[in-house]
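The residues making up each chain are set out below.
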Amino acid sequence: LRALINRVLGYQNFNDFLNTYRIEAVKKAMRESETRNLPIVTIALDCGFNSLSPFNRVFREHENMTPSEYRRRCGARDPSK
């Protein structure tokens, strides 16, 4: 499994592989009408992240912007502001 994740799929490790799916789930939740106005931390925790700091770091690495910036670009309202 490790060889598949590293060599074939090109991910650094299992967490990197898994976080790709988690970030996509967060982005989808930020766009969907039922969940887009939830606090970002709630969405991140619901998608499998254990705390906000690692989530923010991983999101920035994957999207080259913060979760709040992504939310603004999607047109969703940030209820914390």
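Further up the page is the structure itself.
An account of the accompanying structure is given in this report. (Residues numbered from 1 in each chain as written. Predicted model: local features only at pLDDT ≥ 70, side-chain atom pairs only at ≥ 80, totals over all residues. Heavy atoms only, no water.)

1. A closer look at the packing of helix H2 (residues 14-31) against helix H5 (residues 67-74)
Direction vectors running N to C along H2 and H5 enclose 40°, while the axes themselves pass 10 Å from each other. Relative to H5, H2 is oriented oblique. Classified by chirality, the crossing of H5 by H2 is right-handed. Side by side, H2 and H5 meet where Lys 27, Met 30 and Arg 31 of the first sit next to Pro 67, Tyr 70, Arg 71 and Cys 74 of the second. For the contact of H2 with H5, a count of residues per class yields four nonpolar, no polar and three charged. (Axes fitted to C-alpha atoms, helices over the stretch in contact; angles between N-to-C directions. Helix = DSSP H or I, 4+ residues; strand = E, 2+ residues; numbered from the N terminus. Parallel < 35°, antiparallel > 145°, perpendicular 65-115°, else oblique. Left-handed = near helix turned anticlockwise from the far one by under 90°. Contact = heavy atoms within 4.5 Å. Nonpolar A, V, L, I, M, F, W, Y, C, P; charged D, E, K, R; others polar.)

2. A few points about the pattern of salt bridges
Within this structure, the stated rule accounts for four salt bridges. We note a salt bridge from Glu 24 to Lys 27, for which the minimum N-O separation is 3.0 Å. Placement of both Glu 24 and Lys 27 in helix H2 is noted, with a separation of three residues, approximately one turn of the helix. Glu 24 sits in the partly exposed class, given a relative accessible area of 39%. Look at Lys 27 and you get buried, because its relative accessible area is 10%. The salt bridge involving Glu 63 is made with Lys 27; its shortest N-O contact spans 3.0 Å. Remark: Lys 27 occurs in helix H2 and Glu 63 occurs in helix H4 (residues 52-63); sequence separation between them is 36 residues. Taken together, the salt bridges that share partners define one network made up of Glu 24, Lys 27 and Glu 63. (Salt bridge = Lys/Arg side-chain N within 4 Å of Asp/Glu carboxyl O. Buried < 20%, exposed > 50% of the residue type's maximum accessible area, 1.4 Å probe, protein only.)

3. Topic: a nonpolar patch on the surface
Taken together, the side chains of Leu 1, Leu 4, Val 8 and Leu 9 define a hydrophobic patch exposed on the protein surface, amounting to about 420 Å² of accessible area. Here Val 8 shows up in helix H1 (residues 2-8). (Patch = residues over 30% accessible without salt bridge, like charges linked within 9 Å, V, L, I, M, F, W, Y side chains within 5 Å. Areas by Shrake-Rupley, 256 points an atom, 1.4 Å probe, with all protein chains shown as cover.)

4. Topic: the packing of aromatic side chains
Applying the stated criterion across every chain, the model contains six aromatic pairs. Geometrically, the ring pair formed by Tyr 11 and Phe 17 is edge-to-face, given 5.3 Å between the ring centres and 75° between the ring planes. Judged by centre distance (5.7 Å) and plane angle (70°), the ring pair of Phe 59 and Tyr 70 falls under edge-to-face. One end of the pair, Phe 59, is in helix H4; the other, Tyr 70, is in helix H5, and eleven residues separate them in sequence. When its relative accessible area of 0% is taken as the criterion, Phe 59 is described as buried. Relative accessible area serves as the criterion here: at 10%, Tyr 70 is assigned to the buried category. In this structure, Arg 22 is placed above the aromatic ring of Phe 49, and the distance from its NZ or CZ to the ring centre is 5.6 Å. (Phe/Tyr/Trp six-rings, centres within 6.5 Å; stacked < 30°, edge-to-face > 60°. Lys NZ or Arg CZ within 6 Å of the ring centre and 35° of its normal.)

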